[in-house]
Amino acid sequence: MGILVDENTKVVVQGITGRVGSIQAKLMLDYGTKIVAGVTPGKGGTFIHNVPVYDTVEEAVAKTGADTSILFVPAAFAKDAVIEAVDAGIKLIVAIPEHVPVHDTMRMIEYAKRRNVKIIGPTTPGVISPGKTKIGIMPASVFSEGSVGIVSRSGTLLYEIAGNLSLAGIGQSTCLGIGGDPVVGTSLTEVLQMFQEDDQTKAVVIVGEIGGVQEEEAAHFIKQMNKPVVAYIAGRSAPPGQRMGHAGAIILGERGTVESKINALREAGVKVANRPADIVGIVEDIIKK
Amino acid sequence: MGILVDENTKVVVQGITGRVGSIQAKLMLDYGTKIVAGVTPGKGGTFIHNVPVYDTVEEAVAKTGADTSILFVPAAFAKDAVIEAVDAGIKLIVAIPEHVPVHDTMRMIEYAKRRNVKIIGPTTPGVISPGKTKIGIMPASVFSEGSVGIVSRSGTLLYEIAGNLSLAGIGQSTCLGIGGDPVVGTSLTEVLQMFQEDDQTKAVVIVGEIGGVQEEEAAHFIKQMNKPVVAYIAGRSAPPGQRMGHAGAIILGERGTVESKINALREAGVKVANRPADIVGIVEDIIKK
Amino acid sequence: MRLLEYEAKELFRNFGIPVPNGAVVKSPAEIALAIERVGLPLVVKAQVPVGGRGKAGGIKLAYSFEEAVREAENLLYSSLKGHTVRYVLLEKQLKIAKEYYLGVTIDQSAGKPVVMLSTEGGMDVEEIAKKKPESLISKRVEMSRGFYEFEARGMCKQLGLEGSLLVKVSETLRKLYEVFIKYDAIIAEINPLAITENGEVFAADAKIEIDDDALFRQTSLNIKPEERVEDPLKAEAIKIGVTYVRLDGDIGVIGSGAGLTMATIDIINDFGGKASNFLETGGGITEQLMYNAVKLLVKDERLKALFINLYGGINPMVQAANGIAKAYRELKVTIPILVKLVGNEQEKAWEILENAGIPVIKSIRTEDAVERLMKIIEGF
Amino acid sequence: MRLLEYEAKELFRNFGIPVPNGAVVKSPAEIALAIERVGLPLVVKAQVPVGGRGKAGGIKLAYSFEEAVREAENLLYSSLKGHTVRYVLLEKQLKIAKEYYLGVTIDQSAGKPVVMLSTEGGMDVEEIAKKKPESLISKRVEMSRGFYEFEARGMCKQLGLEGSLLVKVSETLRKLYEVFIKYDAIIAEINPLAITENGEVFAADAKIEIDDDALFRQTSLNIKPEERVEDPLKAEAIKIGVTYVRLDGDIGVIGSGAGLTMATIDIINDFGGKASNFLETGGGITEQLMYNAVKLLVKDERLKALFINLYGGINPMVQAANGIAKAYRELKVTIPILVKLVGNEQEKAWEILENAGIPVIKSIRTEDAVERLMKIIEGF
């Protein structure tokens, strides 16, 4: 099955006529993703890549039955785009934009959670269930279908690790980035809960990094999981107090260090790899058992 | 029974140590109202008229079981006082202050309604169930216990009409002013619904005035009532477009004239008095029947 | 408090709502420069805080420099619908293809702001609702949630707007809601929103009315209400904190509470009299306020009698009586005064008035008081 | 972006949060006048955007005019914790009886603002939480609802505050939340809030950190981030739109994505190398951005090699390759460059690089690339 999305997921692309939105919509269509609609205010009635464009998400949902949205709007408009999607009845929102003001992120998550709508991101590469659908910006070539679930705080490191596994013949059920911001719509723990329930997923790889306490919180949940979990945490050589690329990746005081994360995960029985490529061997061992 | 309040209603006075709050608290206590607590931030731990004062409504409710609040706070703080009372579990709020900014009024009503808390007012004289309790600023002497319910958009005109009835030996079940502002917490119609359900109330007097469409809306409901309704509407000689004392009393275009109100009420079977004192004769006739 | 058109447009400009190029003048000396700055052809608009200026001759078109000067000079300092024209707005004429209506106001029954949009602008919203209801979309707003631009787009869609017009109109409507919220407005209206021949949109007119009760916190607007009314008695009333409305009779009325005061005037009418005013004290009576209120009315030379009708609920009747007595004494009032006053400590208050030589009605019936008043006037 | 103390206190003052009387100087010539304006005795405070100034010698007490001048002159233009002191704040000393902690920050797990209050100020909040947890109350805030003063009063009650102190502290806490919201803060902190001997409260220190991603709409603050960093390479990075962190090695690193870039640096460390920096492009790579990033790093004389590690998901790999090749050619780069680049149109990108004479790693494993890099460096 995989989690969150599959071949039946009907996607609306918010911001489909923008530079990035149109390129990425094409790449998703090429992968086989069911993009049923795009939304760009003022462009309603046109088509792009044969996908009908609407002025509002409400209209797109009414006409096409879209249930999932992916955002390619400027960061300043992300909050409104999310609220529009929620109001239109969308159930899963993949929020690609980076640099969304964190106050906006908190407001849009509060709004969506109260209405039982899931947000992945912001600053997420999206989610892919290889062989079924890709709702995100990841390069398709590094993923392959199989039974390992990957959840990552980083986009590009997700590609690297998925690519390594694919090269070794180990396919994936679903891979997603939860987003690199300090506040995200769906946490590491929530994704692990979904993997735990998923039949297709036999093992889970966590790709973490410095900053925050999501890995530590996830460790609590892992203790109750009956599937093997493997992890890699980036940022051993990051200096404290420096923002490493995005607002989430920063070591503040004693919180958010690689050590505290590795310790918490190991204590929960997780095998932690020293380098990204080492994941492969560990997962191979698990699968052979 | 009467509506909204009775001899068991436990009242907290918000702003009890202020000039008006302390005088009015004394007058209510003299009437027999069960004032169990007062609230003034920073005055917690003191007493006034033997009533304990607390810093927060939450504390007052926890310590005394107050279920109803009356506000004597400056208009600019009315909104926060209402939200505090709602959060503390108060079920009925009598909002005395006049000149509350209407945006604040809309916000506080929205907040209270969503949590099933009733607000009377703002700009209300409050509510009195003669012989039982007085939660308001009305002069007690003009009211007497009996079976006529009075609901008024005006404070002083309520006193005049209740006084006229009392002098004629016609007592009241409950009398209240819904408040003179354009937006109020409880409408004329909602009060009529309560009177309709009340055993003690045998007839209802509406004291209306120009402005808004509350009387017209009430007329709709009156058609389904099985109790006689009498009305007086003030403002026949008011010029259009002029604000007569408070924001609610203004004739805008064709809306809110005395004629439209009288017509709507008469059509619903209401006997409409030409002058305040004429109410007495009409009510007497009804009671004799 | 209604803002003048040019003031409202300044707020619009700050919020990014497009307004026509224009300049405001408050003296003839400024007219020529303003015309040059704005450019011909012009619309010359008298700035008065009331509707219906066009029909009343307050809006003129000018195609030449001379014409513009003449129209502006004619309007400046003229009287329009009871208001002296202190400002004239000179605006570049637009090539208007269509006129829309955009408004945010308060739905009193719902207790919520309501956002309205119509593709039929230029007439007032009641008229639109009556004549072209299908052209009018309205949406009530939950204040804690706010109003989003996508909702404005939804409204535009329902009226068939598309393309860049949909984008511009919905952006303008969202900004209008922001103005409404930011400035504690009770009405914020763009009527018409002009759609020009080349698809641009402009707020051709602007109406903003601020909640008087919120002026205390709208300090950025720097409004002194007493400076904005023509009637000196009304200006005085604002200063002393009472509500005054001029009527065309000769019996002065002071009441506590709007309803009672209106009823009093109605009854005076019924008894063949005619009130000179509505004056309502609100719930904040003090000795000084009462003194000031009496002083304000007796300035009015039309008055042949003064009737005061008070209830002591929140208002202190002894203080009220003291204020009336003091005014009667100090101002050497020669017209008859009659007071009806009921409530807490009424006996003490009656005594004060009677000692001052002011007749008091002790009945609770305003009708009795007015009957007596008419007799006093006849006998005088 | 962290504001300087005096800037944060200006915002506080605008919101009615009491701050000590003070004056800021940015040149020795201003010191004397500032001392006279503020009055003795004084606290002389170096304005640098980091904590721990007191321990580092950035905060001095002065009791005489001469002492104040000397301390201010000594601090001005000195270097404190890696920052040049460009401003010195002179503040009247307070007679402090107690110190409280007030803070609003973001609870990342809850995804909500959290308001915190402690009666033990002066140490940082993590320390309070560890040493005096019973003195610390925190409350998460639903943003659409807001934070009310009565809730602050409830927090004060829980810590045993009463009387006017309860009123003043809760008012300050509510205003601090307003500052947090208004300015898109990620931290707004008063530590300590000084309670003086006569019961007044003052924000003795002020810490506000603004969300970098919201600076675009916080125009009233007028902050140019690139003017606020000491490191010229970091300033340049802000201008060209990439994130740069200086490290103390000699291998330049450019990566797309924070996680990949950090992992790359970790792996370089594992292989016995040492990165000179962290440079992350984000998802907005263009030819120009890539050119600028390479240009920025090769300015650094410490560099003995440059490793570029990119993934083409949202980033266009052909443009990236063009930018690298252009920089290599135009800047006449003499140190070895190695590029690992994977993703959409990777073959085309590889070809561009190889044609420019830049070695490319086609493996997906960063470990392979770093291994090769170390060999290149050794052989060079």
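Below you will find a few notes about this structure. (Residues numbered from 1 in each chain as written. Chains lettered and ligands numbered in written order. Predicted model: local features only at pLDDT ≥ 70, side-chain atom pairs only at ≥ 80, totals over all residues. Heavy atoms only, no water.)

Here we take up the interface of chain C and chain B. Taken together, the contact between chain C and chain B spans 56 residues of the former and 55 residues of the latter. Summing the contributions of chain C and of chain B, the shared interface buries around 4,400 Å²; its carbon and sulfur component is 54%. Counting across the interface, chain C meets chain B through 7 salt bridges. With its nearest N and O atoms 2.7 Å apart, the salt bridge here joins Glu142(C) to Arg114(B). Linking chain C to chain B there are 23 residue pairs in polar contact (both at pLDDT 80 or more). The dominant element in the side of chain C that touches chain B, judged by the number of residues it contributes, is helix H8 (residues 258-270) of chain C, at 10 residues. Among the residues making up the side of chain C that touches chain B, the classes are represented as 24 nonpolar, 17 polar and 15 charged. (Contact = heavy atoms within 4.5 Å. Buried area = accessible area lost by both parts, 1.4 Å probe. Salt bridge = Lys/Arg side-chain N within 4 Å of Asp/Glu carboxyl O. Polar contact = N/O pair within 3.5 Å; in protein donor to acceptor, adjacent residues only side chain to side chain. Helix = DSSP H or I, 4+ residues; strand = E, 2+ residues; numbered from the N terminus. Nonpolar A, V, L, I, M, F, W, Y, C, P; charged D, E, K, R; others polar.)

Another aspect to go through is the pattern of salt bridges. Under the criterion given, the structure shown has 86 salt bridges over all chains. The salt bridge partner of Glu84(A) is Arg153(C), with a shortest N-O separation of 3.2 Å. Taken as a pair, Glu84(A) in helix H3 (residues 78-87) and Arg153(C) in helix H5 (residues 149-158) lie in two separate chains rather than in one. Here the two residues Glu84(A) and Arg153(C) agree in accessibility, since each one is buried. A salt bridge links Arg145(C) to Asp87(A), with the shortest nitrogen-to-oxygen separation between them at 2.4 Å. Residue Arg145(C) is found in the loop between strand E9 (136-140) and H5, and its partner Asp87(A) is found in helix H3; the two belong to separate chains. Residue class for Asp87(A) comes out partly exposed when judged on its relative accessible area of 37%. Within this structure, Glu5(C), Lys9(C), Lys45(C), Arg53(C), Glu91(C) and Asp205(C) form a network of salt bridges that share partners. (Buried < 20%, exposed > 50% of the residue type's maximum accessible area, 1.4 Å probe, protein only.)

All names here are of chain A. With the rule as written, the count across this model stands at 14 aromatic pairs over all chains. Geometrically, the ring pair formed by Phe-143 and Tyr-159 is edge-to-face, given 6.5 Å between the ring centres and 75° between the ring planes. With Phe-143 in the loop between strand E9 (133-136) and strand E10 (145-152) and Tyr-159 in helix H5 (residues 156-167), this residue pair connects regions lying 16 residues apart in the sequence. For Tyr-159, a relative accessible area of 3% translates into the label buried. (Phe/Tyr/Trp six-rings, centres within 6.5 Å; stacked < 30°, edge-to-face > 60°.)

These values are about where atoms sit, not about what they do.
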